[in-house]
Protein chains: 4
Amino acid sequence: MITTLKPETTEEQRIQLIQWFEAQGVQVHEFIGAYQTVLGLIGDTSGIDVEMLELLDIVEKVTLISDPFKSANRKFHPEDSVIDVLGAKCGGGHFAVIAGPCSVETPEQIREVAEGVKAAGATMLRGGAFKPRTSPYDFQGMKAEGIELLLEAKKATGLPIVTEIMNANHLPLFEDVDVIQVGARNMQNFEMLKELGRTKKTILLKRGLANTLKELLMSAEYIMAGGNENIILCERGIRTFETYTRNTLDLSAVPVLHSLTHLPVVIDPSHATGHANLVKPMALAATACGADGLMIEVHNNPAKALCDGPQSLTPAQFKDVMDQVRKIREVI
Amino acid sequence: MITTLKPETTEEQRIQLIQWFEAQGVQVHEFIGAYQTVLGLIGDTSGIDVEMLELLDIVEKVTLISDPFKSANRKFHPEDSVIDVLGAKCGGGHFAVIAGPCSVETPEQIREVAEGVKAAGATMLRGGAFKPRTSPYDFQGMKAEGIELLLEAKKATGLPIVTEIMNANHLPLFEDVDVIQVGARNMQNFEMLKELGRTKKTILLKRGLANTLKELLMSAEYIMAGGNENIILCERGIRTFETYTRNTLDLSAVPVLHSLTHLPVVIDPSHATGHANLVKPMALAATACGADGLMIEVHNNPAKALCDGPQSLTPAQFKDVMDQVRKIREVI
Amino acid sequence: MITTLKPETTEEQRIQLIQWFEAQGVQVHEFIGAYQTVLGLIGDTSGIDVEMLELLDIVEKVTLISDPFKSANRKFHPEDSVIDVLGAKCGGGHFAVIAGPCSVETPEQIREVAEGVKAAGATMLRGGAFKPRTSPYDFQGMKAEGIELLLEAKKATGLPIVTEIMNANHLPLFEDVDVIQVGARNMQNFEMLKELGRTKKTILLKRGLANTLKELLMSAEYIMAGGNENIILCERGIRTFETYTRNTLDLSAVPVLHSLTHLPVVIDPSHATGHANLVKPMALAATACGADGLMIEVHNNPAKALCDGPQSLTPAQFKDVMDQVRKIREVI
Amino acid sequence: MITTLKPETTEEQRIQLIQWFEAQGVQVHEFIGAYQTVLGLIGDTSGIDVEMLELLDIVEKVTLISDPFKSANRKFHPEDSVIDVLGAKCGGGHFAVIAGPCSVETPEQIREVAEGVKAAGATMLRGGAFKPRTSPYDFQGMKAEGIELLLEAKKATGLPIVTEIMNANHLPLFEDVDVIQVGARNMQNFEMLKELGRTKKTILLKRGLANTLKELLMSAEYIMAGGNENIILCERGIRTFETYTRNTLDLSAVPVLHSLTHLPVVIDPSHATGHANLVKPMALAATACGADGLMIEVHNNPAKALCDGPQSLTPAQFKDVMDQVRKIREVI
């Protein structure tokens, strides 16, 4: 850790700070430039609260040398983690294909989609039961009943199921859910992350709309600090000035996260782009740059049900995407 | 509501969509341009789920004419709301000054700060008991004990207290708290917002780092839809590419929110900028553009305790800010 | 074009505006909602200045139905444009590989790189002669001499050359340059774009750091309006809050631009990411989502010259990327 | 300057780099952490090209201790610069009020506005003659004729004039212009900045839409490096995800720039917000946080000319703003 002091720092203040560092058990190397002094800290700096240090009047900047995430850090765990969900694997060369509708609506709908995506090569079934909606007046999902329908579809197809949690108090309802999704808006709902860290469930952790990749890893760290290391990271678009796409899909997240962490990374092109016709090109791009899986919205009959989510593909379109994904995976 | 159809929409699809709109009880005005058709919807469009409509294959864009927030909307409630917290008022010409330390640390600290800020003109005392920290390894606050210390300081000074909640399950601990703060990271923790809507507590709702002003109002709407209309909105900086300040304080939020909603708006210059020397100029600017209050970090003895948050002002510096704020309020 | 009026608009103001529209030769369809009136304009709206219209006191919002770009618009030119640079084609199924060093430095350097990238499959040679640098104190490029060295390398290898222009007054120096690059910082240097529109040179137009895709197309329109339709668009990363990568590569630009325009789109993964180890994965992703080409920095001997740009690949690394790019192109 | 090496750096590479630094005449302090090595450079590091250094394979990060701007740096020039434009001063306690229409249109228009703003307290007259427009099909300004009309208005009122340049070749037309404005889109048009550095004209340099404050200072440095130190900086809104305002006005730029540089800083609330009703609150806020001046659009008769820019105030509204600005300046 490097601490750059402000030019106006007095000698007394500097000495006081150095003594405080040494009292925390770290060694301090001072070096004094023409205008500013820089303190290099060596040893175990984990006890030093960086955010607080940054706020000190005499401190201009704190530069971390070692990353603040530990359990998620590839440096201490060089091999890829492989997450195994009832035999559907993700990471370390295993590719997960998580597909299904935005919302669970009827037993027939979820059953048909489940069969369609399984036939096309999906390895897990997704479906929303609890829905995070910007407006309190919009449909909030089928809730417990939606989870029941997912479990029936799981029984019928054998596909493990993935669904979003919005409240740690709902955890009992998720007992038979295979993968619990934490949505972008809850990426820094630290209290919920702690609760999930106490379970053994696989967690699909989505990156927040305005969160850096390091913050995503710190949120994974919240879960891992509780003892649960079954985490799949998911990039689903960040918020930028561009308005044509719903969000901006940051595909460089795949190789960057692979360099920083051993956890697997999947891409959700459906939510990132918000346009059905962009799902296929971005799914192929994600595959080509090494993603460990895809999360894609698929709906059985967009024509019939007017208000079904048509950022979704039909099962036939999804199959076409999967065929191309497979070809790309063969050549990379 | 205006729905722009994609150029490739067939006549059959268009008729089908119009019939569906009419079945929802809205009137449809069609007008057909050289390349595209636009449908104008008149009547009560509140039953139409915009997010789903936008996702339809044939829909290019949905343009809202009336705003999706109702309870918070100034159109339906033209007079300013005045929030009264044990006599400390905010809104409608009343200026709230919420001051105190980032974290509650000791009985002496919070007591001294409370007395200091009261003397300088603060109308409420803030202090963090539950702290949202990016890292699970950082200090998470004194929790219940912190609230106890705040209540003692309240008893000593008469100042109503403001403190952040991070989990709706903690609500019983907040029974004697006067204003419950929802932090930026939880602005779209919809499940918690619903719970807060069921209380009668005043809620200080902070804008999320990447949330638009309309989304802030939709989150207020979640609380109001539950019956709780005691809401103070708070702008505390948004995330941009600029790295010199911690966040970018968006002061235009003050007049924009005043035009959209009757709810009061306070500004937190401490968190927005992350630098103690920027707090005063931004507090004065906020006052000048019509904010209904300020939320400022103040600490009793930054010199003594090395790791106290020095984005905080000392009580003396805070008093200087308040003196100038008062002068500006007199002339505007 | 749709114009939404503010609720407070008087009848007189509305009638005045409608008459003004009609005087511009467009038909106006009025429809009046509960709170607001919306005017739909039909006919040739190209004479109406949207930016000015938006600024009218009574206007809340102007929604464009047809896009403001004409020459670049795929609607009026459905087939892909194929740009032919001395036989090296880009667009319509033809893939351009533009490779070379960040800066031209010595005759040997540019010659060796040119031969290396040609052997690996590059179809054009890039190299900076005029360099846009944030600091006036940094190396600004070899200028005219750099162009000379590029022309020598072209003579030796037959590769057409691509290099950046920073001042339209330098155009005489670019007489033998095959593709003139407009850098991100000059994307809205409209005066220079107009000058380039008067030439017949192929222009490689890079997206600005904070420019939308529609603005990129409007800048292409500036060039095309002058009569020069030889344009290759280039996505090279946008500025976001993420700091790990230098910029955020927006790969969805590829399918989005393909739907909006007939012009070819190439991707520059080197500048976008700023890290050599991210170039390969992002080059493969760009290929998989349908880019019409790549622009990649390659340097001959990163080990020798300490300060050569090592976001560059070596020719050997570049060859490895090209081999994989080719495989992906075979399967998509 | 601090250089953090990547963990995988070999000893040989490290020694080679240190020797290279020493050959540049700087002293190197090495300190070796558990995972990484950090090199602290002491002495004159101005000869080291930071961008190139950052790109080295073995370099993880370069942290600057001293700022890369010199002439603009307050450290070397502690007193405020006062820019004097025919007696209208800006900086060091002097407040500039630059007002006038978006575009110069007719002799009567510019003359009337000039008289109106002068009466209300403006110290300079602004008006666009060359207009940067996103679309090549939109009105591009009256050009040379517009400058003539500004000069006539100057003669009539005595107000110095401010107008934008878009091409250094137009400089002869600006011979009698008092302040030359560089617009946001040209902030990094380095070639034009260099030309302006060779003049003695006062330059009003606007911050680019996606440029950091340090980049703004580096662009000022381009002008100052040429010998022209007459620069006024202008914040006019940055591009963010928020869509309600045209841009997000970053008022913290005022105190931040004041701490970094001796150059004066003015605020343009008209362009930043794009809404006439937001101009007054943001002008007052700018004044309260210490801006050295304001740049405000004012138009004589918004009612008559339908398409005049009504982000503009009328002279009467402008007078009201000025009265309040004056009161705030009296109390701060």
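Residues numbered from 1 in each chain as written. Chains lettered and ligands numbered in written order. Predicted model: local features only at pLDDT ≥ 70, side-chain atom pairs only at ≥ 80, totals over all residues. Heavy atoms only, no water.

The name an unreviewed UniProt entry gives chain A is 3-deoxy-7-phosphoheptulonate synthase, with Emergencia timonensis as the organism.

Novice: Is there a simple way to think about the overall build of chain A in this case?
Specialist: On a plain count of helices and strands, chain A comes out with 10 helices and 14 strands. Principal-axis analysis of the C-alpha atoms places the extent of chain A at approximately 75 × 45 × 40 Å. Residues classed as buried in chain A amount to 66% of the 332 residues present. Residue pairs in contact within chain A that sit at least 24 positions apart in sequence constitute 66% of those at least 6 positions apart. As displayed, chain A has an accessible area near 11,000 Å², and 48% of this comes from carbon and sulfur atoms. The centroid of the 32 positive side-chain charges in chain A is displaced by 6 Å from the centroid of its 42 negative side-chain charges. (Helix = DSSP H or I, 4+ residues; strand = E, 2+ residues; numbered from the N terminus. Buried < 20%, exposed > 50% of the residue type's maximum accessible area, 1.4 Å probe, protein only. Contact = heavy atoms within 4.5 Å. Areas by Shrake-Rupley, 256 points an atom, 1.4 Å probe, with all protein chains shown as cover. Lys, Arg positive; Asp, Glu negative; His and termini not counted. Charge placed at Lys NZ, Arg CZ, Asp CG, Glu CD.)

Novice: Is there a simple way to explain the side chain of Arg126(D) in this structure?
Specialist: All names here are of chain D. As for its placement among the helices and strands, Arg 126 is situated in strand S8 (residues 124–126). Here Arg 126 occupies a buried position and makes no salt bridge, while the nearest side chain of opposite charge, Glu 297, is found at 4.2 Å. What Arg 126 contacts, discounting residues up to four positions off in sequence, is Ile 98, Ala 99, Gly 100, Pro 101, Cys 102, Ile 110, Leu 150, Val 162, His 271, Met 295, Ile 296 and Glu 297. (Salt bridge = Lys/Arg side-chain N within 4 Å of Asp/Glu carboxyl O.)

Novice: Looking at this structure, I do not really get the relation of the copies chain A and chain D. What am I missing?
Specialist: Superposing the two chain copies requires a rotation about an axis and a translation along that axis. Mapping chain A onto chain D leaves a residual RMSD of 0.0 Å; the transformation is a rotation of 180° accompanied by 0.0 Å of translation along its axis. Overall, the copies show the geometry of a two-fold rotation axis. Across chain A, the smallest distance between a C-alpha and the rotation axis is recorded for Phe241(A), namely 2.3 Å. Of all interface residues in chain A, 100% are interface residues in chain D too; the two copies therefore contact each other through one and the same surface. (Least-squares fit on C-alpha atoms with pLDDT ≥ 70 in both.)

Novice: How should the interface of chain A and chain D be read in this particular structure?
Specialist: Reports of interface size often rely on the accessible area that becomes lost once the parts have come together. Tallying the contact residues gives 22 residues for chain A and 22 residues for chain D. Counting each side, the surface lost to burial between chain A and chain D is near 1,900 Å², with a carbon and sulfur contribution of 76%. Linking chain A with chain D are zero residue pairs in polar contact (both at pLDDT 80 or more), by the criterion used here. Of all the elements in the fold, those that place two or more residues in the side of chain A that touches chain D are strand S1 (2–5), strand S2 (27–32), strand S3 (37–42) and strand S4 (59–63) of chain A. Looking at the side of chain A that touches chain D residue by residue, the classes come out as 12 nonpolar, seven polar and three charged. (Buried area = accessible area lost by both parts, 1.4 Å probe. Polar contact = N/O pair within 3.5 Å; in protein donor to acceptor, adjacent residues only side chain to side chain. Nonpolar A, V, L, I, M, F, W, Y, C, P; charged D, E, K, R; others polar.)

Novice: What is the right way to read helix H10 (residues 315–331) of chain B from this model?
Specialist: Within an α-helix, residues lying three or four positions from one another point in the same direction, as the helix has 3.6 residues per turn. For H10(B), with 17 residues, the first-to-last C-alpha span of 25 Å sits near the 24 Å given by 1.5 Å per residue. Where the residues of H10(B) are buried, they touch strand S7 (96–100), helix H3 (107–120), helix H9 (276–288) and strand S14 (293–297) of chain B together with helix H9 (276–288) and helix H10 (315–331) of chain D. (Expected span 1.5 Å × (residues − 1).)

Novice: Mind showing me how you'd approach the packing of helix H10 (residues 315–331) of chain A against helix H10 (residues 315–331) of chain C here?
Specialist: The description of two helices packed together rests on the angle between their axes and the distance between the axes. Where H10(A) meets H10(C), the axes come as close as 9 Å, and the angle between the chain directions of the two elements is 155°. By the angle between their directions, the pair H10(A) and H10(C) is classed as roughly antiparallel. Crossing handedness for the pair H10(A) and H10(C): right-handed. Residue-level inspection shows Gln324(A), Lys327(A), Ile328(A) and Val331(A) of H10(A) in contact with H10(C), the latter providing Gln324(C), Lys327(C), Ile328(C) and Val331(C). When grouped by side-chain class, the residues that make up the contact of H10(A) with H10(C) number four nonpolar, two polar and two charged. (Axes fitted to C-alpha atoms, helices over the stretch in contact; angles between N-to-C directions. Parallel < 35°, antiparallel > 145°, perpendicular 65-115°, else oblique. Left-handed = near helix turned anticlockwise from the far one by under 90°.)

Novice: Explanation requested: the pattern of salt bridges in the structure shown.
Specialist: Note that side chains of opposite charge can pair when their charged atoms are close. A full pass over the atoms with the stated rule returns 60 salt bridges over all chains. The residue Arg326(D) makes a salt bridge to Asp323(D) at a minimum N-O spacing of 3.2 Å. Of the two residues, Arg326(D) and Asp323(D) are both situated in helix H10; the distance of three residues between them amounts to about one turn of the helix. Judged by relative accessible area, which is 39%, Arg326(D) ranks as partly exposed. When salt bridges that share partners are traced, they join Arg207(A), Glu235(A), Asp250(A) and Glu242(C) into one network.

Novice: Help me out: how do you make sense of the domain arrangement of chain A in this one?
Specialist: You can read the domains of chain A as domain 1 (2–63) and domain 2 (74–330). A C-alpha centroid distance of 42 Å is found between domain 1 of chain A and domain 2 of chain A. (Domains from an automatic or database assignment.)

Novice: It is not clear to me how the relation of the copies chain A and chain B should be interpreted in this structure. Could you clarify?
Specialist: Overlaying chain A on chain B yields an RMSD of 0.0 Å, the required transformation being a rotation through 180° with an accompanying axial translation of 0.0 Å. Here 100% of the interface residues in chain A have copies in chain B that are interface residues too; the copies meet face to matching face.

Novice: It is not clear to me how the packing of aromatic side chains should be interpreted in this structure. Could you clarify?
Specialist: With the rule as written, the count across this model stands at 12 aromatic pairs over all chains. Ring plane angle 55° and centroid distance 5.6 Å describe the contact between Trp20(A) and Phe21(A), whose orientation is recorded as tilted. Arranged with centres 4.6 Å apart and planes meeting at 20°, the rings of Phe190(C) and Tyr222(C) form a pair that is stacked. With Phe190(C) in helix H5 (residues 190–197) and Tyr222(C) in helix H6 (residues 213–225), this residue pair connects regions lying 32 residues apart in the sequence. (Phe/Tyr/Trp six-rings, centres within 6.5 Å; stacked < 30°, edge-to-face > 60°.)

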